[in-house]
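Fold and geometry: a report
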Amino acid sequence: MNPLATVGRVFLNLLAEAGRIGLFTFESLRNSFAPPLYWRLLGRQMLALGYFSLPVVGLTAFFTGMVLALQIFIGSS
């Protein structure tokens, strides 16, 4: 088989996959803002995902900072 044909086939498959992802993204965004919009439910979900996840984010940042401090301490000795 011709190596150039193989590269071309891989490139065309890559473009086809990128097109499918683009269409999926477009359809998702279009359907996200189509009526009916349930504003109260949207607000509850935003609160649950954003505000109530702050303790998890804070704990992760705390432990990441401890590991970073330990690595800097070990690296400087």
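Preceding block: the structure.
Residues numbered from 1 in each chain as written. Predicted model: local features only at pLDDT ≥ 70, side-chain atom pairs only at ≥ 80, totals over all residues. Heavy atoms only, no water.

Comments concerning the pattern of salt bridges
If you walk through the whole model with that rule in mind, you get two salt bridges. Two residues, Arg 20 and Glu 17, come together in a salt bridge whose shortest N-O distance is 2.7 Å. In this pair, Arg 20 and Glu 17 are both assigned in helix α1 (residues 3-32), three residues apart and thus about one turn of the helix distant. For Arg 30, the salt bridge identified is with Glu 27, shortest N-O distance 2.7 Å. Remark: Glu 27 and Arg 30 occur in helix α1; sequence separation between them is three residues, near one turn of the helix. (Salt bridge = Lys/Arg side-chain N within 4 Å of Asp/Glu carboxyl O. Helix = DSSP H or I, 4+ residues; strand = E, 2+ residues; numbered from the N terminus.)

Comments concerning the environment of Tyr 38
Its place among the elements puts Tyr 38 in the loop between α1 and α2 (39-50). Judged by its relative accessible area of 58%, Tyr 38 falls in the exposed class. Each C-alpha atom of the pair Tyr 38 and Phe 24 lies 23 Å from the other, and the pair is 14 residues apart in sequence. (Buried < 20%, exposed > 50% of the residue type's maximum accessible area, 1.4 Å probe, protein only.)

Overview of a nonpolar patch on the surface
A cluster of nonpolar side chains, namely Phe 11, Leu 12, Leu 14 and Leu 15, defines an oily patch on the protein surface of about 420 Å² accessible area. Position of Leu 12 among the secondary structure elements: in helix α1. In this structure Leu 12 comes out as exposed when scored by relative accessible area, which is 56%. (Patch = residues over 30% accessible without salt bridge, like charges linked within 9 Å, V, L, I, M, F, W, Y side chains within 5 Å. Areas by Shrake-Rupley, 256 points an atom, 1.4 Å probe, with all protein chains shown as cover.)

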